[in-house]
Number of protein chains: 2
Amino acid sequence: MSKRINIIKASGDVALFSRSKIERSLRRSGASPGLARKIVNEVEAKLKSGMTTFDIYSAAFQLLKKANARPIAARYSLKRAITALGPTGFPFERFIGEIFKRKGFEVEVDKIVPGKCVSHEVDVVAKNKEKHYFMECKFHADQARATDVKVALYVHSRFRDIMEKIKEKGLCHEIHRAWVITNTRLSEDAIRYGECNNMKMIGWKYPKDRGVEVLIEETKLHPVTCLTVIDDYEKKWLLENNVVLCQDLPRRIDLLNKLGIREKRLKELLKEVRDVCGE
Amino acid sequence: MSKRINIIKASGDVALFSRSKIERSLRRSGASPGLARKIVNEVEAKLKSGMTTFDIYSAAFQLLKKANARPIAARYSLKRAITALGPTGFPFERFIGEIFKRKGFEVEVDKIVPGKCVSHEVDVVAKNKEKHYFMECKFHADQARATDVKVALYVHSRFRDIMEKIKEKGLCHEIHRAWVITNTRLSEDAIRYGECNNMKMIGWKYPKDRGVEVLIEETKLHPVTCLTVIDDYEKKWLLENNVVLCQDLPRRIDLLNKLGIREKRLKELLKEVRDVCGE
């Protein structure tokens, strides 16, 4: 049974430590039942009241790395990896754009789209034969911050303004839809307003089992920020040079060499990329 | 003729110093043509390249105070006085609410209004027999920041959601309208989008000759932050105690005493209030 110990969540709220929660998220990242149980036992042994969820996550992450389970560690750190895409939000848009390319959509990032009254900057426009999506990608560096109802409201007005213009020209797709995609929580009002108006609302673990983390897992696209062989400085430098995906790295050996990553570490890195992406 | 000297605006842009602009704003605050000219001459004599509009404003303000023209100085400082209502924005909402009360509206500040999909927090709801206004009061402590199109967009969605609910119940007013009122500039897109959708858009000096500064002058309601007899600490304390208007002070001698303002200074203060408000 779990020790009855209070831990502090990212939001500042206090919750009881739950063995099963950690075990589940380790299993989801690919750890075997035995490895997951072993790690949770070690984490629990070191548990103290007042620890944060981040402390607990870090401990589990270090144990995964030590257990020679780097690809599992990389997947386990997905949420932090997405957060590390910040602070400008632009890599997050590109990342979402890549996901929809992988799903067979034609994608444009940061596009100016004319509306009836004004032109709008839309983070990601994705279309295929039937579908035409206008997506707002809301990135928060602070995981505790929720995307609130104001976002759903302005995305909705923007969408209607764009639709008025599209109707003038004659519709060319069966389905037009506004999306809000965020790397954090969506407020209850944001969800209620968006869904009440037929918008697609995607947040971290929302909808349950269809959240942004599932979207990422499905397409096997992983941000470079999830890797464990390279450090924070190297990740930041890659993002600044427009390399957002692990998948891009094998084609960018030139850039990796420029970063000073050669021979042994390069081999290790490319192995981790293959393991994480499952290619 | 004006000296050809560059000054730095609040936005960081550079502009040529203009005698006539300062003279006009002094005249609008109530200075006689002679006094306005005298002050501009003195300001111009001290002019140096690289000065900010704030330096120039401060010099003119000090000269007005010295010239025994305190009520004119108080009105001259209106823009800064509104800015000093910050940082939370709540005193600005209350201030706008008082203006509409004075115009004969029934007013509620910070009201929860049900919509079709969700409930909304509306800064100011003002109504009379025919009109029903839903107002977003956007306060920026930084005068250089414009209120952008996202504000117009979310206010519009909010308004439509509220209207759907009102229609369900049956309309009770002839005119329903969404307002955006800000103490700073409105972006061009915000204005275009808002007016294209029949929203009322009010900013500093927008619309020309009908901006928020005219709204204030008309009703002769002045924020306590425009007074010159009390200092910044005292103003902040009054705002925290919900005293936003100069007009309220004569009824709140108890609070002023608590602040340590007694006898001679109290007399001076009440005289300035009468002079500023013209009562």
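Because the structure is predicted, anything quoted here is derived from the model rather than measured.

Scoring rules and cut-offs
Residues numbered from 1 in each chain as written. Chains lettered and ligands numbered in written order. Predicted model: local features only at pLDDT ≥ 70, side-chain atom pairs only at ≥ 80, totals over all residues. Heavy atoms only, no water. Helix = DSSP H or I, 4+ residues; strand = E, 2+ residues; numbered from the N terminus. Rg over C-alpha atoms; globule rule 2.2 N^0.38 Å. Buried < 20%, exposed > 50% of the residue type's maximum accessible area, 1.4 Å probe, protein only. Contact = heavy atoms within 4.5 Å. Lys, Arg positive; Asp, Glu negative; His and termini not counted. Charge placed at Lys NZ, Arg CZ, Asp CG, Glu CD. Core = buried A, V, L, I, M, F, W, Y, C linked by side-chain atoms within 4.5 Å. Domains from an automatic or database assignment. Disulfide = S-S within 2.5 Å. Patch = residues over 30% accessible without salt bridge, like charges linked within 9 Å, V, L, I, M, F, W, Y side chains within 5 Å. Areas by Shrake-Rupley, 256 points an atom, 1.4 Å probe, with all protein chains shown as cover. Salt bridge = Lys/Arg side-chain N within 4 Å of Asp/Glu carboxyl O. Polar contact = N/O pair within 3.5 Å; in protein donor to acceptor, adjacent residues only side chain to side chain.

Visitor: Lay out the overall build of chain A in plain terms, naming residues and giving numbers.
Guide: Each helix and strand in chain A was counted, giving twelve helices and seven strands. In terms of C-alpha radius of gyration, chain A reaches 21 Å, essentially the compact-globule figure of 19 Å for 279 residues. Seen along its three principal axes, the alpha-carbon backbone of chain A occupies a region of about 65 × 50 × 30 Å. Taken across its 279 residues, chain A has 51% of its residues classed as buried. Pairs at least 24 apart in sequence give 56% of the contacts found in chain A among residues at least 6 apart. Within chain A, one finds 54 positive and 38 negative side-chain charges whose respective centroids are separated by 5 Å.

Visitor: Tell me about the nonpolar core, and please be specific about residues and values.
Guide: Residue and element names in this part refer to chain B. In terms of nonpolar packing, the biggest core is built from 49 residues, with Phe95, Ile96, Phe100, Met135 and Ile181 touching the most fellow members. Sorting elements by how many residues they give to this core places helix H12 (residues 263-277) first, with six residues. For this core, the two domains that each supply at least three residues are domain 2 (90-219) and domain 3 (222-277). Residues within four places of phenylalanine 100 in sequence aside, it is in contact with Phe105, Val107, Ala126, Tyr133, Met135, Trp179, Ile181 and Leu215.

Visitor: Lay out the domain arrangement of chain A in plain terms, naming residues and giving numbers.
Guide: Structurally, chain A comprises domain 1 (6-76), domain 2 (90-219) and domain 3 (224-277). Computed from C-alpha coordinates alone, the two centres of domain 1 of chain A and domain 2 of chain A are separated by 32 Å.

Visitor: I'd love a proper account of the state of the cysteines, names of residues and values included.
Guide: Under the defined criterion, the tally for this structure stands at two disulfides over all chains. At a sulfur-sulfur separation of 1.9 Å, the disulfide partner of Cys117(A) is Cys196(B). Looking along the S-S bond of the Cys117(A)-Cys196(B) disulfide, the torsion reads about -65°, which is the left-handed sense. You can see Cys117(A) sitting in the loop between strand S3 (106-114) and strand S4 (119-127) and its partner Cys196(B) sitting in helix H8 (residues 188-196), one on each of two chains. A residue is classified by how much of its surface remains accessible, and Cys117(A), at 10% relative accessible area, is buried. Unpaired in this structure, Cys226(A) has its nearest cysteine sulfur neighbour in Cys246(A), at a distance of 4.0 Å. Free of any disulfide, Cys137(B) has its nearest neighbouring cysteine sulfur in Cys226(B), separated by 19 Å. For Cys137(B), a relative accessible area of 6% corresponds to the buried category.

Visitor: Explain the environment of Arg145(A) to me, and be specific about the residues and the numbers.
Guide: All names here are of chain A. With respect to the helices and strands, arginine 145 occurs in the loop between strand S5 (131-138) and helix H7 (149-169). Distance in space between the C-alpha atoms of arginine 145 and leucine 186 is 8.8 Å, their sequence separation being 41 residues. Leaving out residues up to four positions away in the same chain, arginine 145 has contacts with His140, Thr184 and Arg185.

Visitor: Describe a positive patch on the surface, with residues and values.
Guide: A cluster of basic residues, Lys9(A), Lys21(A), Arg24(A), Arg28(A) and Lys205(A), forms a positive patch on the protein surface. Tracing the sequence through the fold places Lys205(A) in the loop between strand S7 (200-202) and helix H9 (212-219).

Visitor: Could you give an account of helix H10 (residues 232-240) of chain A, with specific residues and numbers?
Guide: All names here are of chain A. Among the residues of H10, Glu234, Lys235, Trp237, Leu238 and Leu239 are the ones counted as buried. The inward-facing, buried residues of H10 abut helix H6 (90-102), helix H11 (253-258) and helix H12 (263-277). The distance from a side-chain oxygen at the start of H10 to the backbone nitrogen of tyrosine 233 is 3.1 Å, and the residue carrying that oxygen is aspartate 231. Backbone geometry just downstream of H10 places asparagine 242 in the positive-phi region, at approximately 65°.

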